[in-house]
Amino acid sequence: MKIVKIIALILLAGFVGIQFVPTDLNQSDTVPKTDFLLVNNTQESISALLQESCYDCHSNNTEYPWYNKVQPVAWFLEDHINEGKEELNFNEWDAYSNRRKNSKLKSIISQVKDDEMPLASYTLIHKDAKLSNSEKTLIIDYMKNLKEKLK
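Residues numbered from 1 in each chain as written. Predicted model: local features only at pLDDT ≥ 70, side-chain atom pairs only at ≥ 80, totals over all residues. Heavy atoms only, no water.

## Observations concerning the side chain of His58
Selection criterion: In this text, helices come from DSSP runs of H or I with a minimum length of four residues, and strands from runs of E with a minimum of two, each type numbered from the N-terminal end. Side-chain atoms alone can form a polar contact between residues adjacent in sequence; in general such a contact is a pair of N or O atoms within 3.5 Å, and within protein one must be able to donate a hydrogen while the other accepts it. By definition in these notes, contact holds between two residues if any of their heavy atoms fall within 4.5 Å.
Relative to the helices and strands, His58 resides in the loop between α3 (44–53) and α4 (73–87). Of note is the side chain of His58, whose polar atom sits 2.9 Å from the backbone oxygen of Gly84. With residues up to four places along the chain from it excluded, the contact list for His58 reads Gly84, Lys85, Leu88, Asn89, Phe90, Asn91 and Met117.

## Describing helix α7 (residues 133–150)
Keep this limit in mind: A helix is expected to reach a length of 1.5 Å times the quantity of its residues less one. The buried label applies to any residue whose accessible area, calculated with a 1.4 Å probe on protein chains only, is under 20% of its type's maximum; exposed applies above 50%, and partly exposed to all values in between. The arc refers to the directions leading from the helix axis to the C-beta atoms.
In a regular helix each residue adds 1.5 Å, so 18 residues correspond to 26 Å; α7 covers 26 Å between its end C-alpha atoms and thus fits that length. Inspection of α7 places Lys136, Ile139, Ile140, Tyr142, Met143, Leu146 and Lys147 among the buried residues, and these make up the whole buried set. Along the axis of α7, the buried positions cluster into a sector of 160 degrees, meaning they face one direction only. For α7, exposure combined with an orientation more than 90 degrees from the buried face picks out Asn133, Ser134, Glu148 and Lys149. In this structure, the buried residues of α7 make contact with α2 (36–39), α3 and α5 (98–113).

## Topic: a nonpolar patch on the surface
Short version of the rule: By definition, no residue in a patch forms a salt bridge, and every one has over 30% relative accessible area; like charges are joined within 9 Å, nonpolar side chains (Val, Leu, Ile, Met, Phe, Trp, Tyr) within 5 Å. Surface accessibility follows the Shrake-Rupley procedure with a 1.4 Å probe radius. Residue values consider only the protein chains on display as shielding. What counts as a salt bridge is simple: a side-chain nitrogen of Lys or Arg found within 4 Å of a carboxyl oxygen of Asp or Glu.
A contiguous nonpolar patch, built from Leu9, Leu12, Phe15, Val16, Phe20, Trp66, Val70 and Val73 and spanning about 860 Å² of accessible area, is present on the exposed surface. Looking at the nonpolar patch, the element that brings in the most residues is helix α1 (residues 2–18), giving four residues. As for its placement among the helices and strands, Val73 is situated in helix α4. Assessed through its relative accessible area of 32%, Val73 is described here as partly exposed.

## Remarks on the nonpolar core
Rules: Definition of nonpolar core: a set of buried residues of the types Ala, Val, Leu, Ile, Met, Phe, Trp, Tyr and Cys, connected through side-chain atoms within 4.5 Å.
Within the largest apolar cluster, 21 residues are counted, with the highest numbers of intra-cluster contacts made by Phe36, Leu50, Phe90, Ile139 and Met143. Top element by residues in this core is α7. It accounts for five residues. Not counting residues up to four positions away in its chain, the partners in contact with Ile139 are Ile46, Leu49, Leu50, Val112 and Leu131.

## What about the UniProt feature "domain: Haem-binding" (unreviewed entry) in the chain?
Defined as follows: UniProt positions are given in the numbering used here, feature names are shortened, and annotations may be inferred rather than shown by experiment.
Mapped onto this structure's residue numbering, the UniProt feature "domain: Haem-binding" (unreviewed entry) falls at residues 12–147. Across residues 12–147, the secondary structure splits into 54% helix and 0% strand, with the terminal C-alpha atoms separated by 53 Å.

Right, dumping it as structure tokens:
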């Protein structure tokens, strides 16, 4: 029984200790001129959907939940956001080549259509980010229209 208490104390000390390890926050006060919404002069209805469902992981400005202050959750979120931005960063949209934009638009269309984005793990907690069928259609049609303009 004494060994269990020692192990529990070590685990508790480790958990408390990791709370002091900082993470890099993905937050910016400015919206760059290369941002998707600005470059494409996106209508408000589409803009609101993208900001609610996509921008937390695919931009340079994340709205963090309260639990981001707890490790190891903060590490998980930081890694998830970095992966999302590596795949697609809406803030850097205009810096992409037309070929890359075309590829990203194709991917957005496919992933929204197949319910792959936004991620189920994200919409589980962020209920407002879950897209209805009509919202999916709106986004898909908008992205298809942008894709056609690139040709």
